[in-house]
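In case you want the letters, here they are:
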Amino acid sequence: MKRILLLNLLLTIGLNAWAESDIFIPPERYAKDPAVSGRVLGDNCSACHGTRGAVFDESMPPLAGMDRDTFIKLMKDFKNEVRPTIVMNDVAKAYTDEEIERMADYFSSIPALPWKKQTLH
Amino acid sequence: MLLTRRDLIKLFGASAATAALGVSPKAFSASAPHLVIVGGGVGGTATAKYMRMLDPSIRITLIEPNREYVFCPGSNEVLNDEVTLAEQTVTYDSIRNRYGVNVVLDKATAIDYDKKTVRTAKGERIAYDWLVVSPGPDFVFDAVEGYSRELAEGDFPHAWKAGPQTLKLKKLYQGMRTGGVVVISAPPMPYRCPPAPYERASFMAEWLKEHNPTAKILILDSKPDFIFQPHYETYWKEKFGYGTDNAMIEWVGEHNGGKVVSLDPNTRSVKTADGETIKADVINIIPVHKAGKFAFDTGLTMGKQWVPINPFDFRSKVDKNVFVIGDTTEADPMVKTGYLASNQAKWVAQVILAEMTGKDPGYPLWTNNCVAMAGEDFGMTITDTFRYHDGKIELQETIQSPVNLNPHLNAERVAIARNWQRTFRRDIFE
Ligand SMILES: Cc1cc2nc3c(=O)[nH]c(=O)nc-3n(C[C@H](O)[C@H](O)[C@H](O)COP(=O)(O)OP(=O)(O)OC[C@H]3O[C@@H](n4cnc5c(N)ncnc54)[C@H](O)[C@@H]3O)c2cc1C
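Thresholds, definitions, all that
Residues numbered from 1 in each chain as written. Chains lettered and ligands numbered in written order. Predicted model: local features only at pLDDT ≥ 70, side-chain atom pairs only at ≥ 80, totals over all residues. Heavy atoms only, no water. UniProt positions renumbered as here; feature names shortened; annotations may be inferred. Helix = DSSP H or I, 4+ residues; strand = E, 2+ residues; numbered from the N terminus. Domains from an automatic or database assignment. Contact = heavy atoms within 4.5 Å. Buried area = accessible area lost by both parts, 1.4 Å probe. Salt bridge = Lys/Arg side-chain N within 4 Å of Asp/Glu carboxyl O. Polar contact = N/O pair within 3.5 Å; in protein donor to acceptor, adjacent residues only side chain to side chain. Nonpolar A, V, L, I, M, F, W, Y, C, P; charged D, E, K, R; others polar. Core = buried A, V, L, I, M, F, W, Y, C linked by side-chain atoms within 4.5 Å. Buried < 20%, exposed > 50% of the residue type's maximum accessible area, 1.4 Å probe, protein only. Pairing = 2+ DSSP bridges. Axes fitted to C-alpha atoms, helices over the stretch in contact; angles between N-to-C directions.

S.K.: Where do I start with the UniProt feature "domain: FAD/NAD(P)-binding" (unreviewed entry) in chain B in this structure?
M.R.: Mapped onto the present numbering, the UniProt feature "domain: FAD/NAD(P)-binding" (unreviewed entry) falls on residues 34–136 of chain B. The straight-line gap between the two end C-alpha atoms of residues 34–136 of chain B is 22 Å; of that span, 17% is helix and 36% is strand.

If you want it as C-alpha cells, here you go:
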C-alpha cells in the first residue's frame with residue numbers, strides 16, 4: 001500500500017503509528033486540478049464542528065468567526081505534526097496550504113455564535 | 001444559516017419576514033425552480049437543508065413515508081443501554097419550519113423522466129426541475145437460505161435499519177438463558193458502516209459481561225478480515241479473553257468457514273459454508289445489501305446491484321436531471337456511511353445551485369471521518385479524504401488511529417465519538 005509521506009517524522013512523534021491499511025497521497029498531486037472552494041472544503045467539517053463550523057461541544061471547538069491567521073497557524077501546525085492532537089493531524093494533512101487559506105477565508109467570514117447561546121444537548 | 005431576515009425581506013417583504021424563520025413552504029413562488037428529494041434519511045435531508053442554506057428562493061419538496069427518522073449511528077449503543085432509541089430519533093420540524101421545505105409524508109413509487117414528475121403511493125404526481133434520490137439500501141434476504149423479511153420483522157431481527165428491530169434484538173439477547181449464545185452473521189462488502197457489526201458485538205459483550213458472564217458471542221463472517229480488526233482484537237483480548245478458551249467473543253473469518261449459508265428458524269440454527277450447523281439462542285443475520293427498491297423500480301440501477309453515477313457530480317447515468325446519493329450508489333472507492341452521504345448531499349446542492357444560476361459548480365472534495373467505539377472506554381477514528389481526479393473518485397487518504405489501550409486517549413476518542421453523533425444529527429436535522 002502507498003505510505004508516502006512523513007513516515008519517519010510520524011514514527012518519531014510516536015502518536016501516530018501507521019496501520020497496515022493506511023494510505024496517504026500528498027495533496028500536491030492535486031495542485032493542477034481546479035480549485036476546491038473554501039466553502040466546499042469547510043462544509044466537510046460540519047459533522048464534528050457543526051453546520052458552518054458554528055457549534056461547540058465538549059470535544060470540538062467552533063470554527064465560525066475564528067481569526068484568519070489563527071486558523072491558518074493551527075491548521076498548518078496540525079498538518080506538520082507540530083501540535084499533536086487526537087484527530088486533527090490526520091484531517092489537516094490532506095490539504096494544501098492554499099486550501100487551508102481558503103477555509104480560513106470561509107470560516108472567518110461567518111459570525112461566531114456565542115457559546116452562552118448554545119446548549120450541549 | 002443563510003436564510004437570513006435580510007434574504008426574506010428581499011423575497012417576501014418585511015411582514016412575511018417577520019413571520020419567518022418559521023417560513024411556510026407555501027410562501028415560495030410557484031414559478032421558482034423546484035428541487036424534489038426522495039428519502040428523508042441522512043442524504044436526502046442533508047440535501048434539503050444545505051440547498052436552502054445556499055438559496056433562499058428555490059422550492060424544495062422532500063418525500064418520506066415516515067414521520068420520524070431514527071439515526072443508525074449510535075444505535076448499537078441502544079443495545080447496552082447507553083442511549084435510548086428516543087435519543088436517536090429526530091423529526092422533520094426544523095426542516096419544515098426553519099428551512100421552508102415541503103415535507104410530503106408519502107412513498108415515491110415511479111419517475112416519469114420525460115415529464116419530469118415523481119409519482120407517489122397516494123397517487124400524487126410531483127413535478128421537479130431536479131430530483132435527488134437517497135432511499136438508502138435494501139437487503140437481499142435470500143442470500144442466506146431460509147431467511148426472509150418476515151423473519152427479520154419477527155424473532156430474527158437484523159437491526160440494520162435502526163428502529164423497532166433494534167429494540168427487539170436488545171430484548172432477545174438481554175433475555176436469553178444464562179450461558180446463552182448469540183450468533184452475528186457479518187455480511188460481505190459492500191454494506192453500510194463497515195465497523196458496525198464488530199461495534200455491535202463489543203457493546204453486547206460489555207452488557208453480557210455484567211449480566212450474563214458465561215454467555216458467548218460468535219461472529220460468523222463472510223469476509224476474511226474487517227476494518228479496525230487490530231483495534232477490536234486488542235480490546236477484546238483485554239476485556240473479553242479473546243483468543244482463549246473462555247473468550248466471550250469469538251470471530252470466524254470467511255477463510256475458516258465463517259460464511260453463513262442458511263438459517264433454520266425452527267431449530268434456531270445456522271449452517272456455514274463448511275457444512276457445520278450451529279445452534280444459538282439469538283441469531284442476528286446482517287443481510288447482504290443492494291440498492292434501495294425505488295432505485296430498482298425506476299431503472300436507476302441499470303440492471304446492476306447498485307446505482308451507477310457520474311463520479312463528478314453524482315448525476316444518474318439514466319437522466320441528467322436526477323442525482324443519486326448515499327448508500328444506494330456505486331461510488332467506489334467510497335464506503336457506505338452517513339458521513340459520506342451527507343457530504344455527497346452538500347456537493348450535489350452546490351451543483352444544483354450552479355445549474356440554477358448558470359455558474360460554474362467548482363470542484364468537489366469529500367471526507368469520511370468516522371469515529372467508532374468498542375466500549376465506553378475504547379474509541380478509534382478513521383480519516384478518509386476523496387478527490388475527483390482524472391475522471392474518477394480517488395482515495396487520497398485513509399488513516400486509522402493507532403491501536404493502543406492508553407486510557408486518556410481512549411476517553412478522548414469516546415468523547416469525540418459521542419459528540420460527533422450529536423453534532424452530526426444536528427448538522428442534518430436542525
Ligand atoms: C448499526 C449502524 C451503525 C452506523 N453507524 C454509522 C456511523 O457511526 N457513522 C456513519 O457515518 N454512518 C453510520 N452508519 C451508516 C449510515 O446510517 C448510513 O450510511 C446512512 O444512513 C446513509 O444515508 P442514506 O440517505 O443513503 O440512507 P438512509 O439514511 O437510510 O435514508 C433513506 C431514507 O429514504 C426513505 N425512503 C426509502 N425509500 C423511499 C421511497 N420510495 N420514497 C420515499 N422515501 C423513501 C427511508 O424511509 C429513509 O428515511 C451506521 C449504520 C448502521 C446500520
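More follows now that the structure is in view.
S.K.: What exactly am I supposed to notice about the domain arrangement of chain B here?
M.R.: By a frequent convention, interface size equals the accessible area lost on bringing the separate parts together. All names here are of chain B. The domain architecture assigned to chain B consists of domain 1 (5–136 + 292–361) and domain 2 (144–288). Placing a centre on the C-alpha atoms of domain 1 and another on those of domain 2 gives a separation of 34 Å. Across the boundary between the two partners, domain 1 contributes 15 residues, which contact 22 residues of domain 2. Of all residues in domain 1, Asn76, Leu79 and Asn80 bury the most surface against domain 2, accounting for 38% of the area lost on that side. Taken together, the links from domain 1 to domain 2 amount to two salt bridges. Between aspartate 81 and lysine 170 there is a salt bridge whose closest N-O contact spans 2.7 Å. Connecting domain 1 to domain 2 are eleven residue pairs in polar contact (both at pLDDT 80 or more). For the side of domain 1 that touches domain 2, the class distribution of residues is eight nonpolar, three polar and four charged.

S.K.: In this structure, what is going on with the nonpolar core? I would like to understand it.
M.R.: All names here are of chain B. Counting residues in each nonpolar core, the largest one holds 159 residues, and the members touching the most others are Ile217 and Trp236. Residue contributions to this core peak at ten residues, all from helix H10 (residues 338–357). The residue makeup of this core includes at least three contributed by each of domain 1 (5–136 + 292–361) and domain 2 (144–288). With near-sequence residues (within four places) excluded, isoleucine 217 lies in contact with Val182, Ile184, Ala201, Met204, Ala205, Leu208, Met248, Ile249 and Glu250. Within the second largest apolar cluster, five residues are counted, among which are Val70, Val78, Val83 and Ala162.

S.K.: It is not clear to me how the interface of chain A and chain B should be interpreted in this structure. Could you clarify?
M.R.: Each partner contributes to the interface: chain A provides 46 residues, whereas chain B provides 43 residues. With both chains or domains summed, chain A and chain B bury close to 4,000 Å², and 53% of this area falls on carbon and sulfur atoms. Contact with chain B buries surface across chain A, with A:Asn44, A:Ala47 and A:Ile86 losing the most and accounting together for 16% of the total. Inspection of the chain A/chain B interface yields two salt bridges. Put simply, chain A and chain B have 23 residue pairs in polar contact (both at pLDDT 80 or more) between them. If you tally residues by element for the side of chain A that touches chain B, the top one is helix H3 (residues 46–49) of chain A, at four residues. Here the side of chain A that touches chain B is built from residues that sort into 25 nonpolar, ten polar and eleven charged.

S.K.: Whenever I open this one, the sheet that holds strand S23 (residues 365–375) of chain B confuses me. Can you help?
M.R.: Strands sit in the order S1(A)-S25(B)-S24(B)-S23(B) across an open sheet of four strands; the sheet is antiparallel. Two strands lie at the open edges of the sheet, namely strand S1 (23–24) of chain A together with S23 of chain B, each paired on one side alone. Judged from the ten bridges that link them, S23(B) and strand S24 (residues 378–389) of chain B form a sheet pairing that is antiparallel. The residue bridging B:Met373 from the neighbouring strand is B:Gly379, located in S24(B). In the packing of helix H8 (residues 229–240) of chain B onto the sheet, contacts are made with S23, S24 and strand S25 (392–400) of chain B, and the angle to S23(B) comes to roughly 15°.

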